[in-house]
Amino acid sequence: MIIIGLCCLCTFLTAISLAAIATNGIVPAGGSYFLISRSLGPAVGGAVGFLFYIGNALAGGLYVLGASEILLKYTCPNKCHLFGPPIENQQSAFNHYRIYGTILLLILGIVVFLGIKIVSRIAPFTLLVVFLSLISILIGIIKSAVAPTYLPICIIEKNNIKHLIKSSILKNNVLRYCHPNATCNGELCPLHQALCLNNMSRNINCNDMNNVYLINGIPGLKDSQFSNNLKATYMNEGEIDNGIIGDSTLEVVIGIFFPSVTGIMAGSNRSGDLKDPSQSIPRGTILAVITTSLIYILIAFLMACSTQGVLLRDRDGLSINQQLVEAAVAWPSPYVIITGALCACFGAGLQCLIGAPRLLQSVAKDDIMPILKPFQSTFRDEPFKALLFTLALSEISVLIANFDVVTTMISEFFLMCYLSVNFVCILQTLLHEPSWRPRFRFYHWSLSLLGVIVCIAIMLISSWYIALISLVVGAIVYIYIWYTGANKEWGEGLKGLPMSVAHVALSHLDDRPTHTKNFRPQILAFIKCIYNENQHRWMIQHEKILDLLSQLKAGKGLVIVATVIQ
């Protein structure tokens, strides 16, 4: 609940800041990039906007990876297997994800190329299927209070800790082979062979065979599982349980979950296609964040009330014949969840591939990065070159194929953008910018400050070194924009920062005599200038006097040079 709450709080606070920016004047095409860059300036805004684009492009590949995993593990684990070891082998799974992911990414790229109208027609259908799948989970959980689903799982208990047994070890027949007997019909039982001969686990041995028993993985709401699941059942670091190496840290969990709450910029990314972005972006974004947050919390709570905790940590469903736990709970069929998960992945992938090229095109059209000039062009009203580049970046996620790495990378890039949105609002409010007059009544700068703190906390918890890499990438882009001369006047909030600092510093000066320790020379030098007819400019008659003045102030004082020109 803390992990879900922290991630949802981050996006909710950012959505409020985004609503404040969206209601502060007109929001043209460019969406979230425009909002950030016009407030932070070309260099900082361009760097953050480019990082946000990278995050969106990599996320497109992540959703394709998710669809590939569902197809391979839960739709056709045997028929879709092409080569090498079984899908349960991690390296074999990665190779299959790369092949299937590349094919699916090309299909999504073609759909996006056909135009935003096609995607807009597909979106309601995918949303409907996702909604029905969520309803089926809730109905299944409520149904479990009356007639629980019988899902047998094999448990071996040691030191009051329950360990799951892979269904593949039991030849996918849990009911028949989950018992402590050594022989089955004159042959060695598979569980006895795994524990006593093959040494499946370092923590469980042959002496623990007497503690093997069968339980229902989904006892339902009436069995008061919530009180049982309040106790920790985490795996210890390095522990081999169910063929999965345990990890006692929170980094991987938060890194994997955070991309689930991203997507709040989808509406602002398509601001050029919205009729009234100043009204649609705040209303749609905040309602979407509240809705999804409630769904996440509700489903997590109800699953904890109806399901064995030891089963919930089996993320790949290896103890229940490779099924999704949510699919086993759902009513009337597990395929509703499989279909809903596929539609969710395809829908989110299409949103990324629609929004990211337009975001890149907006950065290119601002002409602050000369290297991006080729991406200014369009083909059939679509940013075709930007789409191709986006597909190439998405393919990087597909080729990495490791969800733990990809999700953490994406989380860091998104968090950089969210942090910037919150920081922009704080900056504009505290500097009292004349143009900063948001019409969103629920905004307060303290909420943006809390958003900044939460973003930094999640960045450091998820992966401090990937956060450092994202900062380095942003710094490189910033230096590139700065060196190539981003001479744009956008009326950004940072322009008011030097004036505010100078105003505060001057207001703290007084006319009292300066203490000897704090003495700094302040020299007003009246010198003579002559007009050079050949060079057509004014020149100091005695330039050596500047050297004398520099020595007098000793590098620590202030020299003001004045002259009179007739």
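Bear in mind that the values here come from a model prediction, so they are computed numbers and not experimental data.

Undergrad: Explanation requested: the overall build of the protein chain in the structure shown.
TA: Within the protein chain, the regular secondary structure consists of 19 helices and eleven strands. Taken along its principal axes, the extent of the C-alpha atoms in the protein chain is 115 × 60 × 45 Å. For the protein chain, buried positions account for 47% of its 566 residues. Here the protein chain displays about 29200 Å² of accessible surface, and carbon together with sulfur accounts for 63% of that area. Here the protein chain contributes 38 positively and 31 negatively charged side chains, and the mean placements of these two sets differ by 5 Å.

Undergrad: What is the right way to look at the pairing of strand S2 (residues 161–164) in this model?
TA: The two faces of the sheet receive side chains in turn, since in a regular strand these alternate between them. Sheet topology note: the strand S1 (residues 152–158)/S2 ladder contains four bridges and is antiparallel. Residue Lys-158 lies in a different strand from S2, and its bridge partner there is Ile-161. Counted along the chain from S1 to the antiparallel partner S2, the turn is two residues long, and its residue Asn-159 has a positive phi close to 55°.

Undergrad: Explain the confidence of the model for the protein chain here, please?
TA: Detailed reading of predicted coordinates is not advised where the pLDDT is low. Taken over all residues, the pLDDT of the protein chain has a mean of 83, while the share at 70 or more is 91%. When pLDDT is averaged over each helix and strand of the protein chain, the minimum, 40, is found for strand S7 (residues 244–245) and the maximum, 93, for helix H15 (residues 384–400). Overall, residues 242–248 carries pLDDT values under 50, and its contacts beyond four positions in sequence, including any with other chains, amount to 23 contacts.

Undergrad: Mind showing me how you'd approach the UniProt feature "signal peptide" (unreviewed entry) in the protein chain here?
TA: The sites that UniProt annotates as "signal peptide" (unreviewed entry) are residues 1–15. Along residues 1–15 one finds 93% helix and 0% strand; the C-alpha atoms at either end are 21 Å apart.

Undergrad: Looking at this model, I keep getting lost on the nonpolar core. Mind explaining?
TA: Within the largest apolar cluster, 87 residues are counted, with the highest numbers of intra-cluster contacts made by Cys-10, Tyr-53, Tyr-97, Phe-258, Met-265, Leu-372 and Tyr-418. Of all hydrophobic cores here, the second largest spans 41 residues; its members include Ile-141, Leu-151, Leu-324 and Leu-387.

Undergrad: In this structure, what is going on with unusual backbone geometry? I would like to understand it.
TA: Working note: non-glycine residues mostly have negative phi, and peptide bonds are mostly trans. Following Trp-331, the chain continues into Pro-332 via a peptide bond in cis, with omega recorded as 10°. Looking at where Pro-332 falls in the secondary structure, it is placed in the loop between helix H13 (325–329) and helix H14 (334–365). The residue His-536 is not glycine, and still its phi comes out positive at about 55°. Residue placement: His-536 occurs in the loop between strand S9 (529–532) and strand S10 (537–540).

Undergrad: What is the right way to read a nonpolar patch on the surface from this model?
TA: A grouping of Ile-456, Leu-460, Trp-464, Tyr-465, Leu-468, Leu-471, Val-472 and Ile-476 is seen on the molecular surface, where their side chains present a nonpolar patch of about 830 Å² in accessible area. Position of Trp-464 relative to the elements: it lies in helix H17 (residues 445–483). Accessibility expressed as a relative area gives 56% for Trp-464, which makes it exposed.

Undergrad: I would appreciate a short explanation of helix H7 (residues 190–197) in the present structure.
TA: Every α-helix carries 3.6 residues per turn, so stepping three or four residues along brings you back to the same face. Along H7, the residues classified as buried are Pro-190, Leu-191, His-192, Ala-194 and Leu-195. On the buried face of H7, the contacting elements are S1, helix H6 (174–177), strand S4 (187–188) and strand S5 (212–216). Count one or two residues on from H7 and you reach Asn-199, which has phi positive near 50°.

Undergrad: Help me understand helix H1 (residues 2–22) in this model?
TA: End to end, H1 covers 30 Å across 21 residues, agreeing with the expected 30 Å (1.5 Å per residue, within 8%). Counting buried positions along H1 gives 15 out of 21 residues, so the element sits mostly inside the fold.

Conventions we followed
Residues numbered from 1 in each chain as written. Predicted model: local features only at pLDDT ≥ 70, side-chain atom pairs only at ≥ 80, totals over all residues. Heavy atoms only, no water. Helix = DSSP H or I, 4+ residues; strand = E, 2+ residues; numbered from the N terminus. Buried < 20%, exposed > 50% of the residue type's maximum accessible area, 1.4 Å probe, protein only. Areas by Shrake-Rupley, 256 points an atom, 1.4 Å probe, with all protein chains shown as cover. Lys, Arg positive; Asp, Glu negative; His and termini not counted. Charge placed at Lys NZ, Arg CZ, Asp CG, Glu CD. Pairing = 2+ DSSP bridges. pLDDT = per-residue confidence, 0-100. Contact = heavy atoms within 4.5 Å. UniProt positions renumbered as here; feature names shortened; annotations may be inferred. Core = buried A, V, L, I, M, F, W, Y, C linked by side-chain atoms within 4.5 Å. Patch = residues over 30% accessible without salt bridge, like charges linked within 9 Å, V, L, I, M, F, W, Y side chains within 5 Å. Salt bridge = Lys/Arg side-chain N within 4 Å of Asp/Glu carboxyl O. Expected span 1.5 Å × (residues − 1).

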